[in-house]
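Fold and contact review
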Amino acid sequence: MWESIARLVLKFRLFLLIALLSLTGYMAFRASRVKLSYDFNSAIPTDNPKYKDYQEFRKQFGEDGNLLVIGVQTDSLFRLPIFNAYVAMTEALKRVPGVDDVLGVSSAVNLIRDTVAERMKAVPIFPAHPTTQAEIDSGKAVLLGLPFYQGLLYNRQTGAWLTAVHVNKNVMNSAQRILTVGGITRIVDSFGTATGLDMRYSGLPLIRTRMATKVASETKWFLLGSVAMLALILLLFFRSVSTMALSLAVVIIGVVFSFGTLDLLGYKITLLNALTPTLVVVIGIPNCIYFMNKYHTAYRDTGDKQEALIVMIGRMGIVTLFCNLTAAIGFGVFALTRSAILNEFGVVAGINIMGLFFISFILIPVVLSYLPAPKPKHMRYLQNRWLSVVLKRLERWALHHQATIYVVTALVVAVSIAGMFRLRSEGFIVDDLPQKDKLFTDLKFFETNFKGVMPLEIVIDTRRKKGLRAGMVKTLDSIEQLSKYIASQPEMARPLSLVEGLKFVRQAYYGADSSGYIVPNAMDLNFLFSYLNLGGEKNPGAPKNNLSKLLWSFVDSNQQRVRVSIQMADIGSRRLPAVLSDLEQRTNRLFDSSKYKVTFTGTSVTYLEGSSFIIKGLKDSVMWAFVLIAACMLFLFRSLRILLCSLIPNVIPLVITAGIMGWAGVRLRPSTVIVFSIALGIAIDITIRFLVNYKQVDPAQGSEYAVVDTINTTGISILYTSLVLTAGFVIFCFSDFGGILALGWLTSLTLVISTITNLVFLPVLLLGLTKTRRKKVA
């Protein structure tokens, strides 16, 4: 059948070539339209309860992750020249497009009781443009006397100062945020350069923007790097510019298709599916090597180019189809998960890896049919002296050292299994950043001085409209107790809530003494409502002042729900559940479940849920990949014995890699768990090619002859392909993202081990099972 298909491909070669190039042109047009993703929560299914809670929170209170914080640790901020430069910086930040508001030392306000108008006036603590040091010193004394700002804008013990920039939510979800964040950092950098201060940045707007920018940059450079590296390897192998160009044409068309597929399916570039084009290059090149290797071998044997092309298509068509199919399964199983980011990656990678088969199957034989016949120098690699020595040694090991191979394999697997028990699962929001990256070190600065910047939200629902007003004193007291407990925890800052605002108002009402900064009682609230116009009966239609707007940002429009906003450290997915569980127990004691419903949400919660969901989905995908690949192998070889021989050499590398991760202290997180299904899908290709050649040997020759012949006929192409695959994944080791770096070295390691097991352990296993079968027959 495949020889008939080969003749059809060559007969209609011009039509197929034009059709392929036309489709490539269309996909190039679609690829030009693809955009970056700015969604930070696509790991969670939309029907997940945590996702629904977060969307409900955003609907009621707005975004929780739009705060970009700027920090500096110095004792000279309040010197006249530096402070005026700081004031100018704050004013410049307010003018950046996409910035809604800026809260810093120079823009902090104090509350003054206006007994005539019966309201609170928000008065700037510092003059707009101080002219004397005395003005600044006076304002500083007032600021440090207001407990509301302690831990919010400054840390008295460490001398650290914070400025918060609120980025517009619409800007955060668009490409405009790159310009906004860039504008903010340029202004602050200029201030730092002019004053000699070391400025720090953090917050989700910055983290998300910088990571998205790095993704775009690394996608481009990894793609170019992988193409250049593989082009060099191909040129060294085949000593032919035309062969190298043809192979590059295959993978470049595959890359165009991968980007075009993203746009066709309505997907955007994420940190995960940004890997697809580079993976297409890495996986596409082995297709070319195997096709070219078979073409050169057939031409050497027949001396007829046409016959060699037919042999190449006929022999390699079925093999390459199943190799690409198993590789596509290794990636495509991610589409079975309910995580959007994994699902998209699985769909795009699976489709395009299968697409590579059709691109290779059409382009390589068609172009070769137009090119001159290969010259002897192009086939010289088939008699590579060094590789011949390696293959002869592999042959001796398979025939004469079977017991040693079994013992060594068993010992390595045993040590690896012991290492697997040391594996632990833990992830961080900035997990993929190197610890020397400024984004990482700045985050640690804010965790040290302000206990972190990661948002955690607690929503307290009174279960009825106006429920907050009905039992306000009790509710406020409970929130205050909860806030004190949270503030005492090492990983969480003092929360902001309606309670903190009302304490600030009470302090101003009773003469601005810091001893008045306590929770208002029922009598206090009666007075304070009249001063704040908080929707009271006195003048419900009156506009709310800035302070009342701040206070009511913590309460929904129905006065049914109140939020408690916490900034916390990036403590990781291992500690966060225990922290949340502890908080839940505390809230259960403080808030009667029959009267209140307490919900934990925010970016920290959705991250934990997303991380857990991804890891579970990846573990399930490994099992699905194993089952589906096993089904393909059974269909291809129709033999349980061969199925067993195909799976064992590919399970062993996964066990060894997991063991190395355990002994090396590499944590299980999405970027490392993904290695196993990817490596299984790719590495099984080597097994398929080995076993197909083994099955093609005349059974009458005996199993030993079949094994030796297979090692010598497929060993060279297997070694070349393994080198290409390993080199292709090694390129990821240059990534600034820890996850992509881990993907690179772990996958490369697994592929190297898989090559060894397929060329050393698989022949021994075939010989051992054949002998066992003969004994049973006898």
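Given the structure is predicted, the values throughout are model-derived calculations rather than measurements. As a convention, each chain's residues are numbered from 1 in the sequence order in which they are written. Reporting of local features is limited, given that this is a predicted model, to residues whose pLDDT is at least 70; pairs of side-chain atoms are given and counted only at 80 or more, and all residues count toward the totals for whole chains, interfaces and linings. No hydrogens and no water enter the side-chain calculation; it runs on all heavy atoms of the structure.

Here's the deal with the overall build of the chain
Under the scheme used here, helices are H or I runs from DSSP no shorter than 4 residues and strands are E runs no shorter than 2 residues, and both carry numbers assigned from the N terminus. A tally of helices and strands in the chain yields 26 helices and 10 strands. Partitioning the contacts of the chain with sequence separation of at least 6, the portion at a separation of at least 24 is 80%. When the accessible surface of the chain is split by element, carbon and sulfur atoms take 60% of a total near 32,700 Å². Note on contacts: a residue pair is in contact if any heavy atoms of the two residues lie within 4.5 Å. The method behind every accessible area is Shrake-Rupley, applied with a 1.4 Å probe, and residues are considered shielded solely by the protein chains displayed.

Points about helix α18 (residues 498–509)
A helix is expected to span 1.5 Å for every residue after the first. Over its 12 residues, α18 runs 16 Å from end to end, which matches the ideal 16 Å to within 8%, given 1.5 Å per residue. Type-normalised accessible area, obtained with a 1.4 Å probe on protein chains alone, sets the label of each residue: buried when under 20%, exposed when over 50%, and partly exposed for intermediate values. Every buried residue of α18 is listed here: L498, V499, E500, G501, L502, K503, F504, V505, R506, Q507, A508 and Y509. Note on α18: the residue one or two positions beyond its end, G511, has a positive phi of about 95°.

A short note on the packing of aromatic side chains
Paired rings are identified among Phe, Tyr and Trp, the last through its six-membered ring, by centres lying within 6.5 Å, and are further divided according to the angle between planes into stacked (under 30 degrees), edge-to-face (over 60) and tilted (the rest). Evaluated as defined, the whole model comprises 21 aromatic pairs. Taking the centre distance of 5.9 Å and the plane angle of 80° together, the rings of Y149 and F504 count as edge-to-face. Of this pair, Y149 sits in the loop between α5 (133–144) and β5 (154–155) while F504 sits in helix α18, and the two are 355 residues apart along the sequence. Taken individually, Y149 and F504 each receive the classification buried, so the pair is uniform in this respect. Ring plane angle 80° and centroid distance 5.0 Å describe the contact between Y509 and Y510, whose orientation is recorded as edge-to-face.

Some words on a nonpolar patch on the surface
Patch membership is restricted to residues that have no salt bridge and whose relative accessible area is over 30%. Joining uses 9 Å for like charges and 5 Å for the nonpolar side chains Val, Leu, Ile, Met, Phe, Trp and Tyr. Salt bridge, as used here, is a side-chain nitrogen of Lys or Arg placed within 4 Å of a carboxyl oxygen of Asp or Glu. Judged by side-chain polarity, L23, Y26, F29, L264, L265 and I351 come together as a nonpolar surface patch covering roughly 550 Å² of accessible area. No other element matches the three residues that helix α2 (residues 13–31) contributes to the nonpolar patch. Assignment of secondary structure puts I351 in helix α12 (residues 340–370). For I351, a relative accessible area of 44% corresponds to the partly exposed category.

Quick notes on the nonpolar core
To define a nonpolar core, start from buried Ala, Val, Leu, Ile, Met, Phe, Trp, Tyr and Cys residues and group those joined through side-chain atoms within 4.5 Å. Within the largest apolar cluster, 258 residues are counted, with the highest numbers of intra-cluster contacts made by Y149 and I184. Y149 has contacts with A108, V109, I125, L143, Y154, R494 and F504, leaving out every residue within four places of it along the chain.

Quick notes on the packing of helix α11 (residues 305–332) against α12
Axis definition: a line fit to C-alpha positions, over the contact stretch in the case of helices; interaxial angles, taken between N-to-C directions, run 0 to 180 degrees. Two numbers describe how α11 lies on α12: the axes approach to 9 Å, and their chain directions differ by 175°. What the angle tells us is that α11 and α12 run roughly antiparallel. Classifying every residue of the contact of α11 with α12 gives 18 nonpolar, seven polar and one charged. When describing relative orientation, an angle under 35 degrees is termed roughly parallel and one over 145 degrees roughly antiparallel, while 65 to 115 degrees is termed roughly perpendicular and anything else oblique. Any residue outside Ala, Val, Leu, Ile, Met, Phe, Trp, Tyr, Cys, Pro, Asp, Glu, Lys and Arg is labelled polar, Gly included; the first ten of those are nonpolar and the last four are charged.

Structural notes on the confidence of the model for the chain
When pLDDT is averaged along the chain, the result is 84, and 95% of the positions lie at 70 or above. Per-residue confidence from the predictor is reported as pLDDT, a score between 0 and 100. Long-range and interchain partners of residues 534–546, a stretch whose pLDDT sits below 50, account for 16 contacts in this model, where long-range means more than four residues apart. When the criterion is pLDDT under 50, residues 774–778 qualifies, and its contacts beyond four places in sequence or with other chains add up to two contacts.

Structural notes on the sheet that holds strand β10 (residues 597–601)
Pairs of strands are assigned from DSSP output, requiring at least two bridges between the strands. On the basis of which strands lie adjacent, the open sheet formed by three strands has the order β9-β8-β10 and antiparallel pairing. Of all strands in the sheet, those bounded by a partner on one side alone are β9 (561–568) and β10. Averaged over neighbouring strand pairs, the angle between their axes works out to 20° when direction is ignored. When strand β8 (residues 454–461) meets β9, the two strands line up antiparallel, connected through eight bridges. Bridge pairing in β9 links I460 to V562.

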